[in-house]
Amino acid sequence: MTSIFRLVPCLSVAALLGIASPCPGQAQSLQIHSAPAPDVSPVLSPEFLAPGFLAPEFLAPEFLPLEIDSDRAVDLLISAPENLNPGLFVPPPAPPSRSPDPDSTAADAPFWQIETLTVDVRDDFNNFARGNRIFEPTVTGRLANGDRLSFSTGLNSFTQPAVDQVLNVPLRAAWIRQMGDFTTTLGAGVDVFDRLPLAPNGTANTSVPIGNSATLSLNLDYGAYKINATSLQNQISAWRYGPNLFWQITPDTSLFSLLRLGHFSDGNWEQQSFSRLEQRLGEFTLAANLFNWQFNRDLEATSGYFSPPDFLVTNAELAWRGQVAEAVSCRVAANLGPQRLMGEWSRTYGYEALCTAQFNQVELDLGYALNTVAAGAEGSDYSNRALRGQVRATF
């Protein structure tokens, strides 16, 4: 599995139990870093904890927000399953809507006013020489009517033994509108490859509060399965859909849960579920993570992606976050627990650290994560390390 240190709202399967995510191309983004203010661009995604498998297309900041405080979002994303599977990425909170300036009119407002720039950099590498490098900038701005519109691109590379490197330039646009209690995101784009056909992608999601302490979101994503060079070379694409639920049980206790169903272009079908129960104790956090992943067929040998018919990971996580300098905050976390793969049990562990420095309107994240959750035929000998960085600027 991928590192389960965070999710999106740290779902970012990222770090689900400390597993390494096998899905790179989908923002998968789960998300380990000091959380930015709610009105700033999104925190580092969860795949930060999921070395080796990232899903860039879903890293865009504008994607469906969770109505929770930014610190909680960071932890949740860090431990999310998308680390294991980028397709499960859950975006961080979108900036709150601002009341229109009474002294200005729609006629005076620019068509699109740039508000944030986010540059995401990731380098995931496992001990079997499989690596993914991601560089993706995203510009987000506000339209005259108050909606948000963002554009993202970048340059990504996917390498592994015995397979020619694949270069990828993602092109995406996303529109976000808040209508009463509902926040809706629609995104579309195309992935350009150096030696493969163009691949369209799209996303749609909406979130709504349930009472005063819970948020429910419904998500639908489609695109190339950007896990590694082999899956891209085989032109594997997937539809993924399902709900996310975040419940702030008490000010210091929260529950995050998600379900994803997926249908692949090679005829495979998947089911993923992830739950995280978290308790805050001052600057420390205790969490229990449970991740289950099932495919109806194991096609790793032919299609190239991790597709276990039986995969279960559960672990306990201890984390600390605090200020280490006036403008620098850091988070360190470690997790330990059992995993079951194809009926065989083994012990897994992971650890990660991420620091955020703030300079006026610019925030810089830098982090490292290592995990031993299985993410392929490598089995218990598998380890994955991830280097992550993110720059966020507001205008």
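Right above here is the structure, for reference.
Source: prediction; values computed, not measured.

**Q** What is the right way to look at the packing of aromatic side chains in this model?
**A** Aromatic ring pairs: the centre-centre distance and the angle between the two ring planes describe each pair. On inspection of all chains with the given rule, the structure shows 13 aromatic pairs. Here Phe264 and Tyr305 contribute two aromatic rings whose centre-to-centre distance is 5.1 Å and whose plane-to-plane angle is 10 degrees, an arrangement assigned as stacked. Here Tyr305 lies in the loop between helix 3 (300-303) and strand 15 (311-325) and Phe264 lies in strand 12 (residues 253-264), a separation of 41 residues in the sequence. Across the pair, exposure class does not vary: Phe264 and Tyr305 are buried alike. Relative to Phe311, the ring of Phe291 lies with its centre 6.5 Å away and its plane at 80 degrees, an arrangement referred to as edge-to-face. Linking Phe291 in strand 14 (residues 284-295) with Phe311 in strand 15, this pair joins segments that are 20 residues apart in sequence. The pair Phe291 / Phe311 is uniform in exposure class, with both members buried. Grouping aromatic residues by their ring pairs yields a cluster made of Tyr225, Phe264, Phe291, Trp293, Phe295, Tyr305, Phe306 and Phe311.

**Q** Even after reading the chapter, I still don't get the state of the cysteines, so can you show me in this structure?
**A** Here is the idea: a disulfide is a covalent bond, and it sits between the sulfur atoms of two cysteines. A full pass over the atoms with the stated rule returns one disulfide. Here Cys330 engages in a disulfide with Cys355; their sulfurs sit 1.9 Å apart. Of note, the bridge from Cys330 to Cys355 carries an S-S torsion of about 105 degrees and is right-handed in sense. Remark: Cys355 occurs in strand 17 (residues 344-359) and Cys330 occurs in strand 16 (residues 328-341); sequence separation between them is 25 residues. Among the residues examined, Cys330 registers a relative accessible area of 9% and is labelled buried.

Reading guide: rules and limits
Numbering of residues starts from 1 in each chain and follows the order in which that chain's sequence is written. Totals for whole chains, interfaces and linings use all residues, but because this is a predicted model, local features are given only for residues with pLDDT of at least 70 and pairs of side-chain atoms are given and counted only at 80 or more. Side-chain measures here rest on the full set of heavy atoms in the structure, leaving out hydrogens and waters. Two rings from Phe, Tyr or Trp (for Trp, the six-membered ring) form a pair when their centres are within 6.5 Å of each other. A pair whose planes differ by under 30 degrees is stacked, one over 60 is edge-to-face, and the rest are tilted. A run of H or I in DSSP becomes a helix once it reaches four residues, and a run of E becomes a strand once it reaches two; helices and strands are each numbered from the N terminus. Each residue's exposure class comes from its accessible area (1.4 Å probe, protein chains only) as a fraction of the maximum for that residue type: buried when under 20%, exposed when over 50%, partly exposed otherwise. By convention in this document, the label disulfide applies to cysteine sulfur atom pairs within 2.5 Å.

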